[in-house]
Amino acid sequence: MERNRGVKRLRRIMMLQVTWIRRKKDHQLLTVGLTTYASDERFQARHFQHSEDWTLQIKFVQPRDAGMYECQVSTHPPTSIFLFLEVVEARAEISGPSEKFVRPGSTLQLHCLVKKSTEQPSFLFWFHNSRMINYDVEQGVNVSTDLMARESWLEVPRASGRHSGNYTCEASNATPARVFVHIFNGDNPAAMQHSLASSPSVIACSALMTLSTALKLALQHVYVYAGS
């Protein structure tokens, strides 16, 4: 008895038509049943036999695909389910500032995390300038990657001048991240640049004070002259 009810219900469902619509200013008919009516071939309806699920597949999703979608079933009256699609752009991010300063002989450490990724990346590579260095153990580079956690660590135990340059963290499904590493001796170049940049302000301030003093003296002179 229960089996007969299930069969009847399934037949009833199979007789219904499922339509996917994109709710824009002008409603855009995407699919009816398994037939695609959208001019964009990236849209496709998927349905497995004897299943109650109808899936709208969008290949190569783009930011412009974001918005409201309607799944409409041809009951009487029609039944609809509304879904809002938010498209996020996955990106890699290297911890810390975009420029790093490391002394020769000290340890260079970089950490990369893939953010807003809806699926696990198939690879996560490190590049030094244009060279992929994930396996450059002989060059003093150690890379540890956890694809499930979407993160990777790069470590150079004894950094030298040859390790300076641009480092890129690149995942299969995300915008890459970059950082520039300076290997230096002596003072921090950033501090030196800051010192140089602040010097003109000090000179300008001194000149302004001198001008102000001269102006005060001139006014005093005029006042004395006028009162005499």
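Residues numbered from 1 in each chain as written. Predicted model: local features only at pLDDT ≥ 70, side-chain atom pairs only at ≥ 80, totals over all residues. Heavy atoms only, no water.

An unreviewed UniProt entry annotates the protein chain as Ig-like domain-containing protein of Trichomalopsis sarcophagae.

A. Looking closely at unusual backbone geometry. At the junction of H76 and P77, the peptide bond is cis and its omega measures out at -5° in the coordinates. On the secondary structure map, P77 appears in the loop between β6 (67-73) and β7 (79-85). Notably, K116 is not glycine yet its phi reads approximately 60°, a positive angle. Turning to its location among the elements, K116 is positioned in the loop between β10 (108-115) and β11 (124-128). A positive phi angle is found at R150, which is not glycine, with a value near 60°. Along the chain, R150 falls in the loop between β13 (142-146) and β14 (151-156). (Helix = DSSP H or I, 4+ residues; strand = E, 2+ residues; numbered from the N terminus.)

B. Up close: the pattern of salt bridges. In total, this model carries six salt bridges according to the counting rule given. Residue D65 pairs with R42 through a salt bridge whose shortest N-O separation is 2.8 Å. Remark: R42 occurs in the loop between β3 (35-36) and β4 (43-47) and D65 occurs in the loop between β5 (54-58) and β6; sequence separation between them is 23 residues. Accessibility classification places D65 together with R42 in one group, the buried group. Ionic pairing is found between D136 and R131, a salt bridge with its closest N-O pair at 2.7 Å. Connected via shared salt-bridge partners are D40, R42 and D65. (Salt bridge = Lys/Arg side-chain N within 4 Å of Asp/Glu carboxyl O. Buried < 20%, exposed > 50% of the residue type's maximum accessible area, 1.4 Å probe, protein only.)

C. Inspection of the side chain of R42 at higher detail. Its relative accessible area of 10% is what places R42 among the buried residues. Among the polar contacts made by the side chain of R42, one reaches the main-chain carbonyl oxygen of F60 at a distance of 3.1 Å. A polar side-chain atom of R42 sits 2.8 Å from a polar atom in the side chain of D65. (Polar contact = N/O pair within 3.5 Å; in protein donor to acceptor, adjacent residues only side chain to side chain.)

D. Seen up close, the layout of surface pockets. Considered as a void within the structure, the largest pocket measures approximately 440 Å³ in volume. Lining the largest pocket are 16 residues, with V61, V88, T118, E119 and N173 positioned closest to its centre. A per-class count over the lining of the largest pocket returns six nonpolar, six polar and four charged. Per-domain counts for the lining of the largest pocket show at least three residues from each of domain 1 (18-89) and domain 2 (91-183). If you add up the space inside the second largest pocket, you get close to 230 Å³. What lines the second largest pocket is a set of 10 residues, among which V18, E52, W54, C71 and V73 lie closest to the centre. For the lining of the second largest pocket, the elements supplying multiple residues, two or more each, are β1 (18-23) and β6. Looking at the lining of the second largest pocket residue by residue, the class counts come to eight nonpolar, no polar and two charged. (1 Å grid on protein atoms, 1.4 Å probe; cavity = no way out; pocket = protein on both sides within 12 Å on 5 of 7 lines; lining within 4 Å. Points joined across faces, edges and corners; volume = space filled by probe spheres on them. Nonpolar A, V, L, I, M, F, W, Y, C, P; charged D, E, K, R; others polar. Domains from an automatic or database assignment.)

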